[in-house]
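One-letter residues, chain by chain:
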Amino acid sequence: MSKLLVTGAAGFIGANFVHYWHGANPDDTIVALDCLSYAGNKHNLAAALGQPWFTFVKGSINDQALVEKLLIEHDVDTLVHFAAESHVDRSITGPDAFIDTNIVGTHTLLKAAKNCWLDDDKKPQHLFHHVSTDEVYGTLGADDPAFSETTPYAPNSPYAASKAASDHLVRSYHHTFGLRMTTSNCSNNYGPYQFPEKLLPLCMLNILSGKSLPIYGDGSQIRDWLFVDDHNRGIERVIKSGRAGETYNIGGHNEWRNIDVVRRLCDLFDDRFANDPSLAARFPDSPCAAGQSASSLITFVTDRPGHDTRYAIDARKVSGELGFEPVETFETGLAKTVDWYLANEPWWRAILDGSYAE
Ligand SMILES: NC(=O)c1ccc[n+]([C@@H]2O[C@H](COP(=O)([O-])OP(=O)(O)OC[C@H]3O[C@@H](n4cnc5c(N)ncnc54)[C@H](O)[C@@H]3O)[C@@H](O)[C@H]2O)c1
């Protein structure tokens, strides 16, 4: 039985992780720490709140005294670190928050873990799992080999640079102080509970309300997409069977151009509206309600500065060493995601009108 501290647990991947982990490991306890920034949403944890195995604490990873209190009082042996500023566009308009949270915040967690676990060898059986991104590796040309764990870091946005710095700090606490740590670097996630400023949820909600679907540049940027619970399954493998001190790339062997992802999404909505007449009544502003294709909303906008061309993950290490393979195909994962957003209208309406934060 493990006792987890999950940071950033009210965010997109963190909340899915809490639900996934409890389903797979019902005897474990989870303490969730989240400051509920704009992307943090306590409603994402509604099914866990009040359960005996779950404790929610509103607070910051930058508060070392709070983190130490939680590690000690809950006898935590596994810290899973999702908390971050995560949106590349925001890191261009306001990079300071990315330095404070992703670098200083991660270092604060490391100091707390060192004090509570390492000093006087207080908890020899511990693990600090750091959740990172493939964006630390920079960008690939069309024919370059995919990112492996030995690809040199070359971050291109303040977001990616701050995550790269945090990866290095976590590694350094292993080599310098003996912290038992693992890091996973994952590709683009999609699925339920994703905050609607990222590409897929933004496009889904715009299709339903008849707003344009903004595509940066010509939409030819390539990303490797992974369904969020496949990411969580990969993290679980790394936590349970990964070697301390190692990093593992997690990906879906699933490269798509942004424009093609959006077109697939449009096809799915066209199909859903064609097969369910009640959707036209619920979403009269959608072009699909009038029998037009959602793709009529696609609009090309000026590309963002420093936009990486292509990301791709070489997942042979996590697959060969830990036996990880994604369960969802892009077809099944996208269909699940679309159906979740259609079935959870109150969830996203509360974000759009701001009431989710009350
Ligand atoms: N979304 C992706 O495609 C993707 C891919 C690879 C890796 N990641 C990594 O996974 C992690 C989670 O990403 P996400 O998409 O769920 O992000 P998110 O923005 O949806 O969630 C981040 C969460 O962290 C919380 N948070 C922010 N600052 C905090 C602080 N100081 N103290 C406590 N909590 C704080 C927020 O309130 C929010 O709930 C991040 O570390 C990100 O870099 C994301």
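One structure accompanies this document, and this report is about it. (Residues numbered from 1 in each chain as written. Predicted model: local features only at pLDDT ≥ 70, side-chain atom pairs only at ≥ 80, totals over all residues. Heavy atoms only, no water.)

**Let's talk about the side chain of N102**
Item 1. Note that N102 resides in helix α4 (residues 96-118).
Item 2. Taking relative accessible area as the criterion, N102 reaches 2% and is therefore assigned buried.
Item 3. Polar contacts involving the side chain of N102 include one to the side chain of S162, which spans 3.0 Å.
Item 4. Aside from chain neighbours lying at most four places away, what touches N102 is A84, E85, A97, Y159, S162, K163 and S166. (Helix = DSSP H or I, 4+ residues; strand = E, 2+ residues; numbered from the N terminus. Buried < 20%, exposed > 50% of the residue type's maximum accessible area, 1.4 Å probe, protein only. Polar contact = N/O pair within 3.5 Å; in protein donor to acceptor, adjacent residues only side chain to side chain. Contact = heavy atoms within 4.5 Å.)

**Considering the environment of I222**
Item 1. Along the chain, I222 falls in strand β9 (residues 222-227).
Item 2. Taking the relative accessible area as the measure of exposure, I222 reaches 21% and is therefore partly exposed.

**What to know about helix α12 (residues 345-352)**
Item 1. Every buried residue of α12 is accounted for by E345, W347, W348, A350 and I351.
Item 2. Against α6 (199-209), α9 (278-282) and α11 (330-343) lie the buried residues of α12.
Item 3. Following α12 by one or two positions, G354 adopts a phi angle in the positive range, close to 85 degrees.

**Quick notes on the packing of aromatic side chains**
The geometry of an aromatic ring pair is captured by the separation of the ring centres together with the interplanar angle, meaning the angle of the planes.
Item 1. Evaluation of the coordinates by the stated rule reveals 20 aromatic pairs.
Item 2. Residues Y38 and F195 carry aromatic rings whose centres are separated by 5.5 Å and whose planes lie at 75 degrees to one another, so their mutual orientation is edge-to-face. Of this pair, Y38 sits in the loop between β2 (29-34) and β3 (54-58) while F195 sits in the loop between β7 (188-190) and α6, and the two are 157 residues apart along the sequence.
Item 3. Taking the relative accessible area as the measure of exposure, Y38 reaches 21% and is therefore partly exposed.
Item 4. Their ring planes at 85 degrees and their centres at 5.4 Å tell us that Y137 and Y153 sit as a pair that is edge-to-face. Remark: Y153 occurs in the loop between β5 (127-133) and α5 (158-177) and Y137 occurs in the loop between β5 and α5; sequence separation between them is 16 residues.
Item 5. Three or more aromatic residues link up through ring pairs in this structure, and these residues are Y190, W225, F227, W256 and F330.
Item 6. Positioned over the ring face of Y248 is K317, at 4.7 Å from the centre of the ring. (Phe/Tyr/Trp six-rings, centres within 6.5 Å; stacked < 30°, edge-to-face > 60°. Lys NZ or Arg CZ within 6 Å of the ring centre and 35° of its normal.)

**Focus: the nonpolar core**
Item 1. In terms of nonpolar packing, the biggest core is built from 72 residues, with V6, F17, V18, F54, V80 and F269 touching the most fellow members.
Item 2. In contact with F17, not counting residues within four places along its chain, are L4, V6, V80, F82, N232, I235 and I239.
Item 3. Grouped together as the second largest cluster of nonpolar side chains are 24 residues, L5, V31, F128 and L179 included. (Core = buried A, V, L, I, M, F, W, Y, C linked by side-chain atoms within 4.5 Å.)

**Concerning the sheet that holds β9**
Item 1. Taking strand neighbours across the sheet as the criterion, the three strands line up as β7-β9-β11 in an open arrangement whose pairing is mixed. Both edges of this open sheet fall to β7 and β11 (255-257), since each of them pairs with a single strand only. Strand-to-strand twist across the sheet, computed as the mean angle between neighbouring axes with direction ignored, equals 50 degrees.
Item 2. Pairing of β9 with β11 involves three bridges; the strand directions are antiparallel. Paired with R223 across the bridge in β11 is W256.
Item 3. Contacts from helix α8 (residues 258-275) reach β9 and β11 within the one sheet, and its direction differs from that of β11 by about 85 degrees. (Pairing = 2+ DSSP bridges. Axes fitted to C-alpha atoms, helices over the stretch in contact; angles between N-to-C directions.)

**Digging into the sheet that holds strand β6 (residues 181-186)**
Item 1. Reading across from one edge, β3-β2-β1-β4-β5-β6-β10 is the order of the seven strands in this open sheet, with parallel pairing throughout. Of all strands in the sheet, those bounded by a partner on one side alone are β3 and β10 (247-250). If you compare each strand with its neighbour and ignore which way they point, the axes differ by 20 degrees on average.
Item 2. Strand direction decides the pairing type here: β5 and β6, joined by six bridges, are parallel. Bridging across to β6, T133 finds its partner in C186.
Item 3. Those strands touched by helix α2 (residues 64-73) are β1 (3-7), β2, β3 and β4 (78-81), and its axis lies near 175 degrees from that of β2.
Item 4. Helix-sheet contacts for α4 involve β1, β4 and β5, and the interaxial angle to β5 is about 165 degrees.

**Things to note about the site of the ligand**
Item 1. Taken together, 30 residues lie around the ligand, and I13, D34, S86, Y159 and K163 are the ones closest in.
Item 2. C35 is positioned such that a nitrogen or oxygen atom in its backbone is 3.2 Å from a nitrogen atom of the ligand.
Item 3. Measuring from an oxygen atom of the ligand, one finds a backbone N or O atom of S37 at 3.0 Å.
Item 4. Here the ligand loses 95% of its free accessible area of 830 Å² to cover by the protein chains.
Item 5. If you list the elements that add at least two residues to the shell around the ligand, you get α1 (12-24), β5, α5 and β7.
Item 6. Tallied by class, residues from the shell around the ligand come to 13 nonpolar, 14 polar and three charged. (Near = heavy atom within 4 Å. Areas by Shrake-Rupley, 256 points an atom, 1.4 Å probe, with all protein chains shown as cover. Nonpolar A, V, L, I, M, F, W, Y, C, P; charged D, E, K, R; others polar.)

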